[in-house]
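# Fold and geometry: a report
Listed below are the residues making up each chain.
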Amino acid sequence: MQKYHNCTILTLATAEVVSRQWSKRTLASSRKEAVMGLYAKYVLPHVIDLAMQDKQTSRIRSEVIPRAHGMVLELGIGSGLNLPFYSDSVRRVYGVDPSLELQKIARKRAATASVAVEFLAQSAEESLPLDERSIDTVVITWTLCSIPEASKALLQVKRVLKPTGQLIFVEHGLAPDPSVQTWQNRINPIWKPIAGGCNLNRKIDDLITSAGFEITELQTTYLPGPRPLTFTYQGVAQQVRGET
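To start, this report covers the structure provided alongside it. (Residues numbered from 1 in each chain as written. Predicted model: local features only at pLDDT ≥ 70, side-chain atom pairs only at ≥ 80, totals over all residues. Heavy atoms only, no water.)

## Examining the overall build of the protein
- Of regular secondary structure, the protein possesses seven helices and seven strands.
- The buried share among the 244 residues of the protein stands at 44%.
- Counted over contacts in the protein with a minimum sequence separation of 6, partners at least 24 positions apart contribute 70%.
- Carbon and sulfur atoms provide 57% of the accessible area of the protein, an area that totals close to 13400 Å². (Helix = DSSP H or I, 4+ residues; strand = E, 2+ residues; numbered from the N terminus. Buried < 20%, exposed > 50% of the residue type's maximum accessible area, 1.4 Å probe, protein only. Contact = heavy atoms within 4.5 Å. Areas by Shrake-Rupley, 256 points an atom, 1.4 Å probe, with all protein chains shown as cover.)

Here it is in structure tokens:
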């Protein structure tokens, strides 16, 4: 009985220590989550806005965005950096983004834009409040990397895009060089939480074609900067005939 009693005391003591350690870890985890939540809500949007205004991204925007026309759906409108590049052939832009902080910045840019903009504060995977086959052009720039269920979002795009419509995309993603891929896969778990869910290792062309699109134009290249972060896919796609 004495042995059992001692074991019981030891077990209770151990349980108490474990409980305290667990409480400390839970508290630390909660604090970490709170800090990351504040960072994601108030700091990251402004970091993204500044980072995406560099010379190279602006050059690419000036090349691809004027090709949009008619009714436009922009998936991941973010802080509205594409807005100044839309031409007069655009009737309206529906801008989808779940970040209200980014939307505040985008609204300021929309106030001086030459096109009408309607903001949809929701995730790209959710059902879009748009009719089927009502969109002439879908624009996706540096967005598919951070949508949790990118394939689901592309199915929404397919639903609302007209059979004759076009998907214009500019994305960074998986590089063709094995050595760069190794670093992308290695860095991704660290990069993703500090970069708003951005993934470095998604093969963008495969994502698009798997959703029922045919890529009609595609350019791939490394932009200036660290190679694991800068391999870029730029192109145009349309729905595969017979699948609309």
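## Some remarks on the pairing of strand E3 (residues 116-120)
- Where strand E2 (residues 90-96) lies against E3, five bridges are found, and the strand directions are parallel. The residue of E3 that forms the bridge with Val96 is Leu120.
- Handedness of the crossover joining E2 and E3 through helix H3 (residues 100-110): right-handed. (Pairing = 2+ DSSP bridges. Right-handed = clockwise from strand over helix to strand, strands pointing away.)

## Observations regarding the side chain of Gln184
- Here Gln184 is to be found in helix H5 (residues 178-194).
- At a separation of 3.0 Å, a polar atom in the side chain of Gln184 contacts the main-chain amide nitrogen of Ala175.
- Polar side-chain contacts of Gln184 include one of 3.1 Å to the backbone oxygen of Pro228.
- In contact with Gln184, not counting residues within four places along its chain, are Gly173, Leu174, Ala175, Leu200, Asn201, Arg227 and Pro228. (Polar contact = N/O pair within 3.5 Å; in protein donor to acceptor, adjacent residues only side chain to side chain.)

## A few points about the sheet that holds strand E1 (residues 70-75)
- Taking strand neighbours across the sheet as the criterion, the seven strands line up as E3-E2-E1-E4-E5-E7-E6 in an open arrangement whose pairing is mixed. Only two strands of the sheet have a single neighbouring strand rather than two, namely E3 and strand E6 (213-222). Strand-to-strand, the axes of this sheet are offset by a mean angle of 15°, without reference to chain direction.
- Of the pairings in the sheet, the one linking strand E4 (residues 135-141) to strand E5 (residues 161-172) comprises six bridges and is parallel in character. Note that in E5 the partner of Ile135 across the bridge is Leu161.
- Along the sheet, helix H4 (residues 150-160) contacts E1, E4, E5, E6 and strand E7 (231-239); its crossing angle with E5, the most-contacted strand, is approximately 150°. (Axes fitted to C-alpha atoms, helices over the stretch in contact; angles between N-to-C directions.)

## A closer look at the pattern of salt bridges
- The full count for this structure, using the stated rule, is eight salt bridges.
- Two residues, Arg67 and Glu217, come together in a salt bridge whose shortest N-O distance is 2.8 Å. Residue Arg67 is found in the loop between helix H2 (55-64) and E1, and its partner Glu217 is found in strand E6; the two are separated by 150 residues along the sequence.
- Residue Glu217 is classed as partly exposed on the basis of its relative accessible area, which comes to 35%.
- The salt bridge partner of Glu101 is Lys104, with a shortest N-O separation of 3.4 Å. Of this pair, Glu101 and Lys104 both sit in helix H3, separated by three residues, roughly a single helical turn.
- A cluster of three or more residues bridged by salt bridges with shared partners is formed by Lys203, Asp205 and Asp206. (Salt bridge = Lys/Arg side-chain N within 4 Å of Asp/Glu carboxyl O.)

## Here we look at the environment of Arg107
- With respect to the element layout, Arg107 can be found in helix H3.
- A C-alpha to C-alpha distance of 7.5 Å links Arg107 and Gly80, two positions 27 residues apart in sequence.

## Examining H5
- Between the first and last C-alpha of H5 there are 24 Å, a value that for 17 residues agrees with the 24 Å anticipated at 1.5 Å per step.
- A bend of about 55° at Asn188 is the largest found in H5, and the proline Pro189 appears one to four places after it.
- Along H5, the residues classified as buried are Val180, Gln184 and Asn188.
- Taken together, the buried residues of H5 touch E6 and helix H7 (227-230).
- Phi turns positive, to about 70°, at Gly196, one or two residues after H5. (Expected span 1.5 Å × (residues − 1). Bend = angle between axes of the 7 residues up to and from the residue.)

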